[in-house]
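Reading the structure
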Amino acid sequence: MTKTSMEKINEFRDARHWRPFHNEKDLALSISLEASELLELFQWKTAEEGVQDIERVKEELADVLIYSYMMADNLNLDIDEIISEKLIKNAEKYPAPKE
């Protein structure tokens, strides 16, 4: 059976005994810090220049996603469900133009 991303993340974390350090406040801080590191790759550059080092972009984006998944898991939130709910709210707030 193939492991989910969440299972892989938790397995990595648990093997290192990091769970006590991954409370919601610290995860929120980490999401922000990693998002800033992602943003830094684009500072003073065009969008095209920012993606020149795609490996760094992938690494920083993965860090943001890993911490986000961990926070959702801590709060017993289903990632797909909360995204679907947010997309519904966004569709109401920003309706597509009628053709």
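Structure first, text after, so check above.
Structural notes, computed from the coordinates. Values in this document were obtained by computation on a predicted structure and should not be read as measured data. (Residues numbered from 1 in each chain as written. Predicted model: local features only at pLDDT ≥ 70, side-chain atom pairs only at ≥ 80, totals over all residues. Heavy atoms only, no water.)

A few points about the pattern of salt bridges
- Throughout the structure, instances matching the rule amount to 5 salt bridges.
- When the shortest N-O distance is used, the salt bridge between Lys3 and Glu11 registers 2.3 Å.
- Residue Lys3 is classed as partly exposed on the basis of its relative accessible area of 39%.
- Under the relative-accessibility criterion, Glu11 is labelled partly exposed at 46%.
- With a shortest N-O distance of 2.7 Å, Asp26 and Lys25 are connected by a salt bridge.
- On the accessibility criterion, Asp26 (26% relative accessible area) is partly exposed.
- The exposure class assigned to Lys25 is exposed, which follows from its relative accessible area of 55%. (Salt bridge = Lys/Arg side-chain N within 4 Å of Asp/Glu carboxyl O. Buried < 20%, exposed > 50% of the residue type's maximum accessible area, 1.4 Å probe, protein only.)

Some thoughts on the side chain of Glu34
- Within the fold, Glu34 resides in helix H2 (residues 24-40).
- Buried and unpaired, Glu34 has no salt bridge, with Arg56 as the nearest side chain of opposite charge at 8.0 Å.
- Contacts of Glu34, omitting those with residues within four sequence positions, involve Glu60, Asp63, Val64 and Tyr67. (Helix = DSSP H or I, 4+ residues; strand = E, 2+ residues; numbered from the N terminus. Lys, Arg positive; Asp, Glu negative; His and termini not counted. Contact = heavy atoms within 4.5 Å.)

Some words on H2
- Between its terminal C-alpha atoms H2 stretches 24 Å, which fits the 24 Å expected from 17 residues at 1.5 Å a residue.
- Listed in full, the buried residues belonging to H2 are Leu27, Ser30, Ile31, Glu34 and Leu38. On an axial view of H2, the arc spanned by its buried residues comes to 105°, and they lie on one face. Among the exposed residues of H2, those oriented more than 90 degrees off its buried face are Lys25, Leu33, Leu39 and Glu40.
- Residues of H2 that are buried in the fold lie against helix H4 (54-74).
- Residue Asn23 occupies the N-cap position of H2, its side-chain oxygen lying 3.1 Å from the main-chain nitrogen of Lys25. (Expected span 1.5 Å × (residues − 1). Arc of directions from axis to C-beta. Polar contact = N/O pair within 3.5 Å; in protein donor to acceptor, adjacent residues only side chain to side chain.)

What about the packing of helix H1 (residues 5-15) against H4?
- Interaxial distance between H1 and H4 falls to 10 Å at its minimum, and their mutual angle equals 90°. As judged from the angle between their axes, H1 and H4 are roughly perpendicular. Contact residues: Ser5, Met6, Ile9, Asn10 and Arg13 in H1; Ile66, Tyr69, Met70, Asp73 and Asn74 in H4.
- Here the contact of H1 with H4 is composed, by residue class, of 5 nonpolar, 3 polar and 2 charged. (Axes fitted to C-alpha atoms, helices over the stretch in contact; angles between N-to-C directions. Parallel < 35°, antiparallel > 145°, perpendicular 65-115°, else oblique. Nonpolar A, V, L, I, M, F, W, Y, C, P; charged D, E, K, R; others polar.)

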